[in-house]
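Chains, contacts and geometry: an overview
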Amino acid sequence: MVSDSSIPETGKFPDIHVENKANDGFLNLDEAYAAESADQQEGFFEALKNHKSAVFWSIMVSMCVVMEAYDIALVSNLVALPAFRKRFGVYVDASSGYQLDAAWQSALLQSPIIGAFFGVLAAGQTTTRFGYKKTLLANLVLMISTIFITFFATSLKVLLVGQLLSGLPWGAFAILGPSFASEIAPVALRGFLTTYIQVCWCIGQFICSGVLLGVEKMDTEWAYRIPFAIQWVFPAPLLVILAFGPESPWFLVRKQKFAEAEAVIKRLQSGSGTGKSPAETLSYMIRTTRIEAEHTAGASYADCLKGADLRRTIICCGIHAACNYSGLLLGNLSTYFFTVAGFDSNRAYQLGLITTGAQLGAVILSWVVSQHVGHRTLYLYGTGINVVLLFIIGILACVPASPALQYASGSLVIIMAAQCGISVLPMTWAQVSESSSLRLRAQTIGLSRDFYYIIAITMGILNSYCLSPTGFNLIGKTGFVWGSTAAIVWIICYFGLPEMRHRSWRELDIMFHRGIPARDFSKTVIGLEEEK
């Protein structure tokens, strides 16, 4: 047992090199060894049974990502809604009908991403200072407020401002979900709970696709106001539920509030057969935090660019940004792709709904696959398959158009979305959550997410111009563009992406500080008593 009364006034951890029975009241190394060993030996279903409370609260926090997914999918697919295009667009010709100007389309698509960029920076700092819970609740209140602007918008300028401000809480949700999930999950459930983030993305996109399909034939302003109004359905109940949620015990340990941390650990370890007591888990957390403190003194964004944390930051930023080069942008605009590819709007929304549903089912399947295949392996296979599919889409676009070719291209987009759901997308969240250090988790994931946004904005503009009839009008030939970039992503990840599945935080800290090559991570053995 430890107590807050033993915290030194300096606020710093004492020397980590202590005897097995420490006399400073902070740590019992025997208990730390026992907790880490029990954590790694715990099986998936055993961990699921013994940590029901941790699973529930992780899922609740991750549900906030549903809002970001719904909103981004909404903005991305509103451009294919006839009533929206007629209200805010310009008439092109008889075949294309009303279309948004390419510049305005890009602005609307990128404005929430710009807002999210700054939301991420703010959330990274407030999480470090105030914790996950307070940061999350504050952003839920902000989300409820900003929806009013988009709902009552009567011009593209007002809608642009509303989307920009809505992006602020989106950015916070994007880093709080994976960060919180990775901190409260035992090793056996870490991949499951971090990849659940992608399930939330699919749920949000699926709901959005269903809503847009339902209003697609409406020709009044309510065709796009109803989808905006549905945004209020998510944050209000989550605000009430999460007000009763726990803080991350790792955050409390970093703040040296050990008694509170032990109480939270006891709450999260709901099962009776965990094989480790709350006191043992707390000792493991203190030991791991001390090991990190030897190498990382601060907890600022600048510290993410120093020493071994620089490599961890590069991996997080690279894997997150890689989504924009692996075909994700084409999948995110699937409904619009189907529209400009020649399908009528109703069929385009039906195919968009099928695409999202297929991806949702694939992500759930990835939970089974990832129990037997490494995260790195899944990611490489997924990216390689994307390269092939994107080039085939490009080749089909070079053949004279026909209904059969339209359905062939549409089918390939759906297949690409489904296989990404098994591999690239959920493994991205797993790798980002595992690559970052505990002390700098919010900041590292924040930087990676902001890097993702920067690339998403620039590549999103390119993607809009590639698909838009008023832009480059490449449509299916865009597959050549993203197929080439996906091939480059595969090569970089083969040499630079490590396998971190089933590793404790202490083991990962040691391997990164030793500079172990990425391809040797899975073969490296770290002893239970090793600290450097």
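Below or above, wherever it landed, is the structure these notes cover. (Residues numbered from 1 in each chain as written. Predicted model: local features only at pLDDT ≥ 70, side-chain atom pairs only at ≥ 80, totals over all residues. Heavy atoms only, no water.)

A short note on the packing of aromatic side chains
- Applying the stated criterion across every chain, the model contains 19 aromatic pairs.
- Grouping aromatic residues by their ring pairs yields a cluster made of F44, F45, F192, Y196 and W367.
- Directly above the aromatic system of W505 lies the positively charged group of R441, at a separation of 4.1 Å from the ring centroid. (Phe/Tyr/Trp six-rings, centres within 6.5 Å; stacked < 30°, edge-to-face > 60°. Lys NZ or Arg CZ within 6 Å of the ring centre and 35° of its normal.)

What to know about the packing of helix α21 (residues 424-435) against helix α22 (residues 441-467)
- With their axes 9 Å apart at the nearest point, α21 and α22 run at an angle of 140° to one another. Between α21 and α22, the angle is such that the two are oblique. For α21 against α22, the interelement crossing comes out right-handed. In this structure, α21 uses W429, V432 and S433 to contact α22, whose residues at the interface are R441, I445, S448 and R449.
- Its residues placed into classes, the contact of α21 with α22 shows three nonpolar, two polar and two charged. (Axes fitted to C-alpha atoms, helices over the stretch in contact; angles between N-to-C directions. Helix = DSSP H or I, 4+ residues; strand = E, 2+ residues; numbered from the N terminus. Parallel < 35°, antiparallel > 145°, perpendicular 65-115°, else oblique. Left-handed = near helix turned anticlockwise from the far one by under 90°. Contact = heavy atoms within 4.5 Å. Nonpolar A, V, L, I, M, F, W, Y, C, P; charged D, E, K, R; others polar.)

Brief notes about a nonpolar patch on the surface
- A cluster of nonpolar side chains, I114, F118 and L164, forms an exposed patch at the surface whose accessible area comes to about 260 Å².
- You can see I114 is positioned in helix α6 (residues 102-130). (Patch = residues over 30% accessible without salt bridge, like charges linked within 9 Å, V, L, I, M, F, W, Y side chains within 5 Å. Areas by Shrake-Rupley, 256 points an atom, 1.4 Å probe, with all protein chains shown as cover. Salt bridge = Lys/Arg side-chain N within 4 Å of Asp/Glu carboxyl O.)

Details of the side chain of T281
- Within the secondary structure, T281 sits in helix α14 (residues 278-295).
- For T281, a relative accessible area of 8% gives the class buried.
- Among all residues touching T281, those that are not within four sequence positions of it are A35, I265, Q269 and K276. (Buried < 20%, exposed > 50% of the residue type's maximum accessible area, 1.4 Å probe, protein only.)

Some details on unusual backbone geometry
- Within the chain, Q256 stands out as a residue other than glycine whose phi angle is a positive 60°.
- On the accessibility criterion, Q256 (3% relative accessible area) is buried.
- Residue H502 is not a glycine yet carries a positive backbone phi of 70°.
- Assignment of secondary structure puts H502 in the loop between α23 (478-496) and α24 (505-514).

What to know about helix α4 (residues 64-78)
- Helix length check: α4, at 15 residues, gives a terminal C-alpha distance of 22 Å against a target of 21 Å (1.5 Å per residue), a fit within 8%.
- Extensive coverage of α4 is indicated by the burial of 15 of its 15 residues. (Expected span 1.5 Å × (residues − 1).)

Some thoughts on a positive patch on the surface
- Among the surface-exposed residues, R129, K134, K255 and K257 lie close enough to one another that they form a single positively charged patch.
- As for its position among the elements, K255 is in the loop between α12 (249-254) and α13 (258-268). (Lys, Arg positive; Asp, Glu negative; His and termini not counted. Charge placed at Lys NZ, Arg CZ, Asp CG, Glu CD.)

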